[in-house]
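# Per-entry structural report
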Amino acid sequence: MIRRSLACMLTLGLVACATQPQTPSPSPQASGVPVSPPPGSKGPAEAAPEAAAATAAPVDLTPVPFEVARANFVRDTAARYGIPAGQIEATLAQAQIRDPIIAAMSRPAERVKPWNEYRPMFISQARIEGGKKFLAQHRDELMRVQQRTGVPAEVIVAIIGVETSYGGNTGSYRVLDALYTLAFKYPRSGDPAKLEREVRRELFFRDELARLFALTRDEKLDITAIKGSYAGAMGMGQFMPSSYLDYAVDGNGDGRRDLFNSYDDVFSSIANYFVKKGGWVRGGPVAVPATLQAGREEFNPTEWAPTWTLSELAQRGYQPSVPVAAGLTATPITLEGSTGKQYWLGFQNYYAITRYNLSKMYAMAVYQLSQAIAGQELPPA
């Protein structure tokens, strides 16, 4: 999961302030961070998410030598977090540039998969049954979190199922190596049109590396030992360091936020992310199927916030296929199904799931998996 934007920050080698564009890394995890695909799959690909890069602050594209960027990082991170520069240097001396990480980030994007191909990658009978078993095993803890936050237990379980197969695949790369590699050796395609995005991505990971130092200090973690994805996402819910710092919760009251081993902390943190980052509405709907009046043009807004009233959507030809409470606002969703176009209306809680990963199909996969875990019949793909 990923923090998908950078705040104004110290130079960290290239610029004084850079905003991470809301663009998923080549793929979970949205985030720039790819979601771990199911074993044996190549990983999903889909259409670009809502565009926010137009409002990003300018970024200096002038190349900076590795040694200079690294020295600036040490200086700025020490000043930013009050960590001795010598300690940062000693830690970076143990970090390794990993060619497999560069190769993974350099892979050409797959073709955009239609929904009927995308969904089976994340929703299978085995994953549904695994989710039901996981929910039954941890029902007490999950229900406490659901009661406290309003985020349904099955949605929390579905996130863990999609991200890490219920904790079975949390990543095998040292997070220090992953972030060090992408912070200083983010791959360059050589395409001038892609340079700005590549520089911003490198800055994003450099900021995440800085936050890793703060995180491991605060949570008393061994920075040289923790493992995660090739993009640096960690734990059962695949939090980037920034999201760990900002949204992780001490769910069991032991004074630590442990997203690796504490189910209480994991469940509480995922729910907290939905509430604080996504604006989750207790008891609110996620999405409902809809119809589009024959002859009407599809409406695919570039901004995904559910700001359209039902009457405004009706004027565009959209009607919910099931009763919907008055006063709700939604965003239209179009999916390429096995028998043609599928239309849905996504509400605030659907939007909240897209904050975890900037992908409409990801959000729908999580929602439908959660419904299947809860015993509901899956709609056709």
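All values derive from a computational prediction rather than experimental measurement.

Despite not being glycine, Tyr-166 has its phi angle at roughly 60°, a positive value. Of the residues examined, Tyr-166 reaches a relative accessible area of 15% and is grouped as buried. For Lys-220, which is not a glycine, the phi torsion comes out positive at approximately 55°. Along the chain, the position of Lys-220 falls in the loop between helix H9 (195–218) and strand S2 (227–228).

For the coordinates displayed, the defined rule picks out 22 aromatic pairs. When the centroid spacing of 6.4 Å and the interplanar angle of 85° are considered together, the rings of Phe-66 and Tyr-180 count as edge-to-face. Here Phe-66 is found in helix H1 (residues 66–81), whereas its partner Tyr-180 is found in helix H8 (residues 175–184), with 114 residues between them in sequence. Taking the relative accessible area as the measure of exposure, Tyr-180 reaches 6% and is therefore buried. Here Tyr-263 and Phe-267 contribute two aromatic rings whose centre-to-centre distance is 5.8 Å and whose plane-to-plane angle is 35°, an arrangement assigned as tilted. Taken as a pair, Tyr-263 and Phe-267 lie in helix H11 (residues 263–276) at a separation of four residues, close to a single helical turn. Three or more aromatic residues joined by ring pairs form one cluster here, namely Phe-239, Tyr-247, Tyr-273, Phe-274, Trp-280 and Tyr-356. Positioned above the aromatic ring of Trp-308 is the side chain of Arg-316, whose terminal nitrogen or guanidinium carbon lies 5.3 Å from the ring centre.

This part covers the sheet that holds strand S4 (residues 308–309). Overall, antiparallel pairing links the five strands, which are arranged S4-S6-S7-S3-S5 in an open sheet. One side of each edge strand has no neighbouring strand; the edge strands of this open sheet are S4 and strand S5 (318–320). Where strand S6 (residues 329–337) lies against strand S7 (residues 340–346), seven bridges are found, and the strand directions are antiparallel. Of the residues in S7, the one forming a bridge with Ile-333 is Trp-344. Contacting strand S3 (287–292), S6 and S7, helix H14 (residues 360–373) crosses the sheet at an angle of about 90° to S6.

Bringing helix H3 (residues 99–106) into the picture now. Restricting attention to buried positions, one finds in H3 the residues Ile-101, Ile-102, Ala-104 and Met-105. Axial view of H3: buried residues confined to an arc of 160°, hence all on one face. Its buried side turned inward, H3 meets strand S1 (173–174), H8 and H9.

Chain-level pLDDT for the chain is 88 on average; 86% of the residues reach the 70-or-more range. Low pLDDT (under 50) marks residues 2–49, which in the prediction has 188 contacts with non-local residues, meaning those over four places away or in another chain.

Another point: the nonpolar core. Among the nonpolar cores identified, the biggest contains 91 residues, and Leu-209, Leu-212 and Phe-274 are the most heavily contacted of them. The greatest single-element share of this core, amounting to 10 residues, is contributed by H14. Excluding anything up to four places from it in sequence, Phe-274 contacts Val-151, Val-155, Ile-159, Gly-279, Trp-280, Ala-352, Ile-353 and Tyr-356. Core analysis: the next-biggest nonpolar cluster, separate from the first, contains 10 residues, Phe-299, Tyr-318, Tyr-343 and Phe-347 among them.

Attention now moves to the pairing of S7. When you tally the buried positions in S7, you get five out of seven residues, the bulk of the element. Relative to S7, S3 is paired through four bridges, and the arrangement is antiparallel. Within S7, the position partnered with Ala-287 by the bridge is Gly-346. A loop of two residues connects S6 with S7, the two strands running antiparallel in sequence.

Counting through the fold element by element, Thr-216 comes out in helix H9. Once you skip the residues sitting within four places of it in the chain, Thr-216 turns out to touch Leu-221, Ile-223 and Ile-226.

Taken N-terminus to C-terminus, the directions of H11 and helix H13 (residues 348–356) make an angle of 115°; their axes are 9 Å apart at the nearest point. In this structure, H11 crosses over H13, and the sense of that crossing is right-handed. Residues Ile-270, Tyr-273 and Phe-274 of H11 pack against Ala-352, Ile-353, Arg-355 and Tyr-356 of H13. Here the contact of H11 with H13 is built from residues that sort into six nonpolar, no polar and one charged.

We now examine the pattern of salt bridges. Opposite charge on two side chains lets them pair, provided their charged atoms get close. With the rule as written, the count across this model stands at 14 salt bridges. Between Arg-200 and Glu-196 there is a salt bridge, with the nearest N and O atoms lying 3.0 Å from each other. Of the two residues, Arg-200 and Glu-196 are both situated in helix H9; the distance of four residues between them amounts to about one turn of the helix. Judged by its relative accessible area of 37%, Glu-196 falls in the partly exposed class. Between Lys-341 and Glu-336 there is a salt bridge, and its shortest N-O distance comes to 3.7 Å. The class of Lys-341 is partly exposed, set by a relative accessible area of 40%. Glu-336 sits in the partly exposed class, given a relative accessible area of 39%. It is possible to trace a salt-bridge network through shared partners that takes in Arg-80, Asp-207 and Arg-211.

Calculation criteria
Starting from 1, residues in each chain are numbered consecutively following that chain's sequence as written. Local features in this predicted model are restricted to residues whose pLDDT is 70 or higher, and side-chain atom pairs enter the listing and the counts only when it is 80 or higher, whereas totals over whole chains, interfaces and linings include all residues. Side-chain metrics in this entry use all non-hydrogen atoms of the structure; hydrogen atoms and water are not considered. Categorising residues by exposure relies on relative accessible area from a 1.4 Å probe, with only protein chains included: less than 20% of the type maximum marks a residue as buried, more than 50% marks it as exposed, and the intermediate range marks it as partly exposed. Here a strand is any run of E in DSSP of at least two residues, a helix any run of H or I of at least four, and the numbering for each starts at the N terminus. Here a pair means two rings of Phe, Tyr or Trp (six-membered ring of Trp) with centres within 6.5 Å. Their orientation is stacked below 30 degrees between planes, edge-to-face above 60, and tilted elsewhere. A ring is considered to have a charge above it if a Lys NZ or an Arg CZ atom is located within 6 Å of its centre and within 35 degrees of its normal. Paired strands are those between which DSSP finds at least two bridges. Note on contacts: a residue pair qualifies if any of its non-hydrogen atoms lie within 4.5 Å across the two residues. All axes here are fitted lines through C-alpha atoms, helices being fitted over the stretch that makes contact, and every angle between N-to-C directions spans 0 to 180 degrees. The directions considered for the arc are those from the helix axis to the C-beta atoms. pLDDT measures how confident the predictor is about each residue, on a scale from 0 to 100. Definition used in this section: a nonpolar core is a set of buried Ala, Val, Leu, Ile, Met, Phe, Trp, Tyr and Cys residues joined via side-chain atoms within 4.5 Å. Take the far helix as the reference: if the near one is turned anticlockwise from it by less than a right angle, the crossing is left-handed, and if turned clockwise, right-handed. Note on residue classes: Ala, Val, Leu, Ile, Met, Phe, Trp, Tyr, Cys and Pro are nonpolar, Asp, Glu, Lys and Arg are charged, and everything else, Gly too, is polar. We count a salt bridge whenever a side-chain nitrogen from Lys or Arg sits within 4 Å of a carboxyl oxygen from Asp or Glu.

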